[in-house]
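Spelled out, the chains give:
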Amino acid sequence: MIALLKRDLTLAVRAGGGFGLGLAFFLIVIVLVPFGVGPEAEVLARIAPGMLWVAALLAALLSLDRIFALDFEDGSLPLLATSPLPLEGVALMKGVAHWVTTGLPLTIAAPLLGFLLNLSPSAYLWLLGSLALGTPALSMIGTFGAAVTVGLKRGGLLMSLLVLPLYVPTLIFGSEAVRRGAGGFDATIPMLMVAGITLGCFALLPFAAAAALRVNLR
Amino acid sequence: MIPDLGKYAVEVLAAYGVSITLLIGLVLGSVRRSRKVKARLAAVEAAWESTS
Amino acid sequence: MSIWEYANPKKFIATTTPLVPWLLWGAIAILTVGLIWGFFFTPDDVRQGSTVKIFYLHVPSAMMAINVWIMMLIASLVWLVRRHHVSALAAKAAAPIGIVMTLIALFTGAVWGQPMWGTWWAWDPRLTSFLILFLFYLGYTALWAAIEDPDTAADLTSVLCIVGSVFAVLSRYAVNFWNQGLHQPASLSLDKEENVADVFWYPALVCIAGFVLLFVALVLMRTASEIRLRRMRALEARMRS
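A short tour of the structure in this document, coming up. Since we're looking at a predicted model, the values are computed, not measured. (Residues numbered from 1 in each chain as written. Chains lettered and ligands numbered in written order. Predicted model: local features only at pLDDT ≥ 70, side-chain atom pairs only at ≥ 80, totals over all residues.)

## Examining the overall build of chain B
Per the secondary structure count, chain B includes one helix and zero strands. Taking all 52 residues of chain B together, 15% fall into the buried category. (Helix = DSSP H or I, 4+ residues; strand = E, 2+ residues; numbered from the N terminus. Buried ≥ 20, exposed ≤ 12 C-beta atoms within 10 Å, placed from the backbone.)

## A word on unusual backbone geometry
Backbone geometry places Asn 118 of chain A, a non-glycine residue, at a positive phi of 60°. Along the chain, Asn 118 of chain A turns up in the loop between α6 (87-116) and α7 (124-149). By the C-beta count within 10 Å, which is 17 here, Asn 118 of chain A ends up partly exposed. Phi is positive for Arg 83 of chain C, which is not a glycine, with a value near 55°. The topology assignment puts Arg 83 of chain C in the loop between α2 (55-82) and α3 (85-117).

## Considerations on the interface of chain C and chain A
On the side of chain A, 17 residues touch chain C, which itself brings 21 residues to the contact. Contributions of two or more residues to the side of chain C that touches chain A are made by α4 (125-146) and α5 (150-178) of chain C. Grouping the amino acids of the side of chain C that touches chain A by side-chain chemistry returns 17 nonpolar, three polar and one charged. (Contact = placed C-beta atoms within 7 Å. Nonpolar A, V, L, I, M, F, W, Y, C, P; charged D, E, K, R; others polar.)

## Let's talk about the packing of helix α8 (residues 155-182) of chain A against α4 of chain C
Running from N to C, α8 of chain A and α4 of chain C point in directions that differ by 150°, and their axes come no closer than 9 Å. Between α8 of chain A and α4 of chain C, the angle falls in the class roughly antiparallel. Taken as a pair, α8 of chain A and α4 of chain C cross one another with a handedness that is left-handed. Across from Leu 158, Leu 161, Leu 162, Pro 165 and Val 168 of chain A in α8 of chain A, the residues of α4 of chain C making contact are Ile 132, Leu 135, Phe 136, Leu 138, Gly 139, Ala 142, Leu 143 and Ala 146 of chain C. (Axes fitted to C-alpha atoms, helices over the stretch in contact; angles between N-to-C directions. Parallel < 35°, antiparallel > 145°, perpendicular 65-115°, else oblique. Left-handed = near helix turned anticlockwise from the far one by under 90°.)

## Observations concerning the environment of Val 212 of chain C
By the secondary structure assignment, Val 212 of chain C is in helix α6 (residues 198-240). For the pair Val 212 of chain C and Asn 67 of chain C, spaced 145 residues apart in sequence, the C-alpha to C-alpha distance is 9.4 Å.

On their own, these measurements won't tell you what the molecule is for.
Shown next as structure tokens:
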């Protein structure tokens, strides 16, 4: 499993696309927001928690179709399926690799982009925390979506349609935590909910993703 | 004939109109599709009988 | 005599074909009675005026929007466990009906909300949950449409339906947490104390029965169509080879 994770990470770094693209997309969306809603600092501060979360979510969505597509095209996915490693483990590792290459950089970059949107100082810790806890769930849900659509020719658009509704609970609790943090309240409850969703996703979704992969490899 | 709906007549009539149109559309669509599929299957089955 | 006998497509078609016209006309008759009763022969509510008449469309369609999804979930589980094609095709046949029910519930809700709350749309938990449910229906039907091989499509949509159900329930609670909302609590709970007055309740019951019957008739008819379509494709494939 560790070897698979290492291989995926090396591939992602060598190819270069995954890392930079998601981050650049995140940056661009956040830069576009003030153009759309106007430069008043109070307005930006009000919408900053939600915009940061929505932008991070879209940036995570961007690289999902690469999770299985490359392995599917060059034929290494059937090899992985016949290896002694259970397919559930493969799915789990793919999710982890996706998180390390997109979720983690997004989490680290988010506070910097918070400055651009005039995010209130008390919210930074919660932003960092909720993204760190929530983006793994996004990656795992995305892995499931990628597993369902891996055999399709134009799966990318369909996958967004399938995956985005599944992102709703994570988004609600994640941005709620930041909003409460920005208001100076205690945000432990939404943080715990985000953590719960992430743990639940990692416990259950590898099985669903592996089932979908088996169907697609049949 | 139509009862006095007071100031909400537009809302009530629109709700009924749109809902009933949607329901009728769903029923007609399903019936038409059922007939079409039945006819096409009959044609294909006839062709299958004649070849085998 | 077991219910699984009807998993045989031939037996399913033979049994349901004579039933469907009766069910369909019965549903139309009951719906007509219920809606005419509700529209013409019920008093206006003291506070809500004549908008209370929307109740007879809003509540049954909202109930069906959820129940259709539950039926699809059960059919998906049956398909994954017992591999009966009829089950998978029934889930496929039910999805468009669910979409229409969700649309009716959303539209009547919006039209009712405008005079009562002063807005067409509020990000209220119930309204939002229905919008999310609508998105789930869209994704589900899009996945069916996108995959060519019928068995692969049935498997993947079933998995999606199960995962989607978990997330739909999760979204419901998340949305509740997120906003308290304007919508009144369920007015048709089994606890009689909370219910609406009998004048509104009896025609609503008739409408609910009509909607359920209509769904049963349509789902049987559409499933039969899907079975025929499947057989037709199989025959065509055999003729070509």
